[in-house]
Amino acid sequence: MRIMSKRDSVYVQLLKLLSVSAVVSVIVFFALNYAGAEALSLYYYNSDYEEKRDEKYVEKFQQYVSEHSIASKDTEKINNWVRKQKMLSMSIYKDGIQVFDSAYPNQELWEEDVAIADYEWKVYYSVAFADGEAIISIVGVYAYQLYNYAQIAELFISFVLFLALVLVGIRRKIEYILLLKDEIELLEGGSLDYKITVKGKDELAALAEGLDNMRLSIRGLIESEAQMAQHNQRIVTEMSHDLRTPVTSMMLYTEILKKGNYKNEAQLREYLEKIDKKARRMKQLTDHLFEYSLIVQEENQLEEPETFAELFYDLFSEICSYLEQKGFHVIFQVTWMDGNIRASSNYVIRVMDNITSNIVKYADVVSPVIISSVKEGGMAGFLFENKVLREPDKTDSSGIGMQSVKNMMEKMNGTCTVKQEGQQFRVKILFPFYGV
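This section reports on the structure supplied with the text. (Residues numbered from 1 in each chain as written. Predicted model: local features only at pLDDT ≥ 70, side-chain atom pairs only at ≥ 80, totals over all residues. Heavy atoms only, no water.)

### Some details on the overall build of the chain
For the chain, the count of helices and strands is 9 helices and 11 strands. Among the 436 residues that make up the chain, the fraction classed as buried is 35%. Considering only contacts within the chain whose residues lie at least 6 apart along the sequence, 71% involve residues at least 24 apart. (Helix = DSSP H or I, 4+ residues; strand = E, 2+ residues; numbered from the N terminus. Buried < 20%, exposed > 50% of the residue type's maximum accessible area, 1.4 Å probe, protein only. Contact = heavy atoms within 4.5 Å.)

In structure tokens form, the structure reads like this:
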């Protein structure tokens, strides 16, 4: 499982995405603001926009004056209209004298005889009041309004850009999540050969890697169970065949005895001995089958680590003594290695018993039995070598004894390798080794 750095976290990536999007949006905003200001200035001062707006407001004011019969000195009503426009200032002149100024709405200006100013930048318009015609001057802050509108548009564009950048970044993650969802549905449908896509180094990638590891584990478990079922089927088939032979012989001899088809007492005892021998073979086969079934089903806890000498010294002394009693010459070439192994003493005894029994039944007593120590990578164990008989008694022809050894070694996290080349037969058992 990969080790994920904090900087690869989804939260950090989201923070980076927000930060980058915000910086890009701010830069775009200032760029738009500068370009917009330049464009508006160029447009405003090189067009008749201000003049048209003035004429529009003058037209509205004239309509207001006519509808309400307002005189040039009705400052309160005039001021109310100016305030509603929010962006205007107005001056009114009658007979050349200023009578109203929106900057000073409550002051009666006509008493001070303020004359109309002749400024080139000012434009004067004639308006028909209830008390006669007067001249008005309008000053509008239209450029300010345009700049406000432009700034609002710039803010909106920048926000939309920020949102778009964030959504694009999030969308990539969402697409990956949807991809994982589709792949999980494929796994649910039984497609365990489909590899889960792992992208990036964040939590989603860790999740995808975990799912893929789970896929591999499930597939391996299913394959292992299928192989086990196939192997069990083979064992049952072979055992059935091996059992059928002695059963047939026993039935034949029993039938002979029932009919009394024997010559004398010596032949009777011969037939009885053959029936007994076949029965013992059947018992041996059923015992092996029971042991094999028991090993497959049982769970065995490994014991605390021990050295090779502590676990195997006494056991090998008994094995060598037993084989020599059976007439075998044993060459013991074991070197006790420094280091520990974890095993089950119960399984170890049963493994050694099966290997010893296999040697006694099938090994050629004329050739020596060689027992040596082996170390391969992170594992260590023993190698048993002998020559097999040219015409062995195939009592255990199904090989269930050696298969039981393999199963027990697997439960101890070890391995058992059986190899035969001509008459040379080798059994190698290896345990996980913890050197010192």
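Still more to cover.
### Some words on unusual backbone geometry
Backbone geometry places Ser69, a non-glycine residue, at a positive phi of 50°. For Ser69, the position within the fold is in the loop between α2 (49-68) and α3 (75-85). Given the relative accessible area of 52%, Ser69 is considered exposed. Despite not being glycine, Asn413 has its phi angle at roughly 65°, a positive value. Counting through the fold element by element, Asn413 comes out in the loop between α9 (400-411) and β10 (415-421).

### Here we look at the nonpolar core
Among the nonpolar cores identified, the biggest contains 38 residues, and Phe312, Met352, Ile355, Phe382, Phe384, Ile429 and Phe431 are the most heavily contacted of them. When residues of this core are assigned to their parent elements, the largest contribution, 8 residues, is made by helix α7 (residues 308-325). When neighbours within four sequence positions are excluded, Phe382 is seen to be in contact with Phe308, Phe312, Phe316, Val334, Trp336, Met352, Ser372, Ser373, Val374, Val427, Lys428 and Ile429. By size, the runner-up hydrophobic cluster in this structure holds 28 residues, among which are Tyr49, Trp81, Ala143 and Ala150. (Core = buried A, V, L, I, M, F, W, Y, C linked by side-chain atoms within 4.5 Å.)

### With respect to the packing of aromatic side chains
Under the definition given, this model contains 19 aromatic pairs. Where Phe29 meets Phe30, the ring centres are 5.5 Å apart and the plane angle is 70°; that geometry is what we call edge-to-face. Classification of Phe29 by relative accessible area gives buried; the value is 15%. Ring geometry for Tyr93 against Tyr124: centres 6.0 Å apart, planes inclined by 75°, an arrangement best described as edge-to-face. Remark: Tyr124 occurs in strand β3 (residues 124-129) and Tyr93 occurs in strand β1 (residues 88-94); sequence separation between them is 31 residues. Using a relative accessible area of 25% as the deciding quantity, one classes Tyr124 as partly exposed. Taken together, Phe308, Phe312, Tyr313, Phe316, Phe332, Trp336, Phe382, Phe384, Phe431 and Phe433 form an aromatic cluster joined through their ring pairs. (Phe/Tyr/Trp six-rings, centres within 6.5 Å; stacked < 30°, edge-to-face > 60°.)

### As for a nonpolar patch on the surface
Among the surface-exposed residues, Phe156, Ile157, Phe159, Val160, Leu163 and Leu167 lie close enough to one another that they form a single nonpolar patch of about 580 Å² accessible area. Residue Phe156 is classed as exposed on the basis of its relative accessible area of 56%. (Patch = residues over 30% accessible without salt bridge, like charges linked within 9 Å, V, L, I, M, F, W, Y side chains within 5 Å. Areas by Shrake-Rupley, 256 points an atom, 1.4 Å probe, with all protein chains shown as cover. Salt bridge = Lys/Arg side-chain N within 4 Å of Asp/Glu carboxyl O.)

### Re helix α4 (residues 142-188)
The end-to-end C-alpha separation of α4 is 67 Å, in line with the 69 Å expected for 47 residues at 1.5 Å each. Every buried residue of α4 is accounted for by Tyr142, Ala143, Gln145, Leu146, Ala150, Glu154, Ser158, Val166, Tyr176, Leu180, Glu183 and Leu187. Phi for Gly190, located one or two positions after α4, is positive at around 100°. (Expected span 1.5 Å × (residues − 1).)

### A few points about the sheet that holds β10
Spatial strand order, β6-β8-β9-β11-β10: 5 strands in an open sheet with mixed pairing. On the outer flanks of this sheet lie β6 (330-333) and β10, each paired with one strand and no other. Along the sheet, successive strands turn relative to each other by an average axial angle of 20°, direction set aside. Of the pairings in the sheet, the one linking strand β9 (residues 379-387) to strand β11 (residues 424-432) comprises 9 bridges and is antiparallel in character. Pairing of Glu385 across the sheet is with Arg426, part of β11. The strands touched by α7 are β6, β8 (369-376), β9 and β11; relative to β9, the strand with the most contacts, the crossing angle is about 5°. (Pairing = 2+ DSSP bridges. Axes fitted to C-alpha atoms, helices over the stretch in contact; angles between N-to-C directions.)

### Topic: the sheet that holds β3
With respect to topology, 4 strands assemble into an open sheet ordered β2-β1-β4-β3, the strand pairing being antiparallel. Strand pairing shows two members of the sheet lacking a second neighbour, β2 (97-101) and β3, which therefore form its edges. Ignoring strand direction, the axes of neighbouring strands in this sheet form an average angle of 35°. Note: β1 against strand β4 (residues 132-140), 6 bridges, orientation antiparallel. Note that in β4 the partner of Ile92 across the bridge is Ile136. α3 rests against β1, β2 and β3 of the sheet, and its axis sits at about 150° to β1.

### Remarks on the side chain of Lys94
Topologically, Lys94 is positioned in strand β1. Asp131 provides the closest opposite charge to the buried, unpaired Lys94, separated from it by 4.4 Å. From its side chain, Lys94 meets the backbone oxygen of Asp131 in a polar contact 3.0 Å long. (Lys, Arg positive; Asp, Glu negative; His and termini not counted. Polar contact = N/O pair within 3.5 Å; in protein donor to acceptor, adjacent residues only side chain to side chain.)

### Some thoughts on the pattern of salt bridges
Two side chains of opposite charge can pair, provided their charged atoms sit close to one another. Tallied over the entire structure, the rule returns 8 salt bridges. Lys419 is paired through a salt bridge with Glu421; the nearest N and O atoms lie 3.2 Å apart. The exposure class of Lys419 is partly exposed, given its relative accessible area of 46%. Classification of Glu421 by relative accessible area gives partly exposed; the value is 46%. A network of salt bridges, in which partner residues are shared, links Glu385, Lys419, Glu421 and Arg426.

In short, shape yes, function no, at least from these values alone.
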